[in-house]
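Fold and geometry: a report
Each chain is listed here by its residues.
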Amino acid sequence: MRLMENPEKPSPLMKKRPLWPFFHLAGISNIKCPFQFVALSMLLLVQPVPAAEAPRQLTPEIQTFVDEMVQKHGFDAAALRRLFAQVQPRPAVIRAMSTPGTARPWHEFRGRYIEPARINGGVAFWREHAATLEKASREFGIPEEIIVATIGVETFYGRNIGGFRVLDALTMLAFRYLPRAELFRSELEQYLLLARETGFDPAGIRGSYAGAMGIPQFLPSSYRRHAIDFDGDGKRDIINSPADAIGSVANYYKTFGWRPGETVVVPAEVDGSGIDALLEIGIKPQLRIAELRSRGVLPAAPVEEGAEAALFVVESVAGPRYWLGLTNFYVITRYNRSVNYALTVYELAQELRARFRQ
């Protein structure tokens, strides 16, 4: 559509409406004559157009990491720079990592999980996925209640998978949390590889403050090594598939040496002066029950004398409580190194088993 029929003859519209009212919209209201209009028009034409906002500069540490990912794994450097330019600082990640919930006294930590809502939710989850849990238990040798309790402690059976962008959390921990920076640089590397393998958007996944993901809260390295396709759809999706989450937890425990049918943990009484030395040995079972007895540790429940165990202590409301953790207890601590965590998983599992049988 033409605005002027005859370019040599001004249109009636232009005769009736001067051009310089445009300047009123720009806050310029003192135009007196056409010469001023022309001058200002030329001035506006030569004014520089504001440039688009420059992309955020990466820190030297992140740039070095990008270069390493390009060299080691063939990533596109420009794509990684664009990705890391989206990272948002999350100081809450560092605060949470510095004061983990598992550091609370055992009776406080336990109280958050051994409670009616968590038990009822676990029984409902078990009943809904009974066939899948039975299959996982049969194939991997892990009790159904241990699988359910683990998922219950981690995410309340998939209800709370975390509100931090995994990219933000891992980047903060990799470059701003010095005590474990090396670990989280490795996890950030694994996360980017995982995103490339699975096709998910690395800027779009949410998880815990530690960068753990999905229904069972796997770190990226665990996702790559231990997650499995247990629903047969051709994908390892522990974020959206309860079946994949169940199978992956079972696979994880089997990989770390779960012994089907064996005792997990038993309470103990102590009577001797060498208890502190036994506690300092650590949580990995190294001493047979018979030797522990000879050193003043008395199991308060039946357990094989030839079994290996480790002594540990937790804080109850009434004071210290001693336990003997056997190989299967140690396997649970490979999921989370805290004895508070492992003991809570075990006790929640016992509650779930009792309720499920009712």
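We now turn to the structure provided with this report. (Residues numbered from 1 in each chain as written. Predicted model: local features only at pLDDT ≥ 70, side-chain atom pairs only at ≥ 80, totals over all residues. Heavy atoms only, no water.)

1. Some details on the overall build of the protein
Each helix and strand in the protein was counted, giving 18 helices and seven strands. Sorting the 358 residues of the protein into buried and exposed places 44% on the buried side. Considering only contacts in the protein between residues 6 or more positions apart, those separated by 24 or more positions represent 66%. Carbon and sulfur atoms make up 53% of the accessible area of the protein, which amounts to about 19400 Å² in all. (Helix = DSSP H or I, 4+ residues; strand = E, 2+ residues; numbered from the N terminus. Buried < 20%, exposed > 50% of the residue type's maximum accessible area, 1.4 Å probe, protein only. Contact = heavy atoms within 4.5 Å. Areas by Shrake-Rupley, 256 points an atom, 1.4 Å probe, with all protein chains shown as cover.)

2. So, the packing of aromatic side chains
Geometrically, a pair of aromatic rings is defined through the distance of the ring centres and the angle of the planes. In this structure the tally under the stated criterion is 17 aromatic pairs. Ring centres of F65 and F175 lie 5.9 Å apart, and the angle between their planes is 75°; this geometry places the pair in the edge-to-face category. With F65 in helix 4 (residues 60–73) and F175 in helix 11 (residues 166–176), this residue pair connects regions lying 110 residues apart in the sequence. F175 shares its class with F65; the two are buried. Ring geometry for F156 and Y157: centres 5.8 Å apart, planes at 75°, overall edge-to-face. On the basis of relative accessibility, which here comes to 12%, the residue F156 falls in the buried class. Taken together, F218, Y252, Y253, F256, W258, Y335 and Y341 form an aromatic cluster joined through their ring pairs. (Phe/Tyr/Trp six-rings, centres within 6.5 Å; stacked < 30°, edge-to-face > 60°.)

3. Description of the packing of helix 11 against helix 12 (residues 181–198)
Here helix 11 crosses helix 12 at 145°, and the two axes come no closer than 7 Å. Helix 12 is crossed by helix 11, and the crossing has left-handed handedness. Side by side, helix 11 and helix 12 meet where V166, L167, L170, T171, L173, A174 and F175 of the first sit next to A181, F184, R185, E187, L188 and Y191 of the second. Residue classes in the contact of helix 11 with helix 12 are distributed as 10 nonpolar, one polar and two charged. (Axes fitted to C-alpha atoms, helices over the stretch in contact; angles between N-to-C directions. Left-handed = near helix turned anticlockwise from the far one by under 90°. Nonpolar A, V, L, I, M, F, W, Y, C, P; charged D, E, K, R; others polar.)

4. With respect to the sheet that holds strand 3 (residues 265–270)
Either a parallel or an antiparallel arrangement is found when strands of a sheet pair, and the pairing is made through backbone hydrogen bonds. Reading across from one edge, 4-6-7-3-5 is the order of the five strands in this open sheet, with antiparallel pairing throughout. The open sheet has two edge strands with one neighbour each: strand 4 (287–288) and strand 5 (297–299). Looking at chain direction, strand 3 and strand 5 are connected through three bridges and run antiparallel. For E269, the partnering residue across the bridge sits in strand 5 and is L298. (Pairing = 2+ DSSP bridges.)

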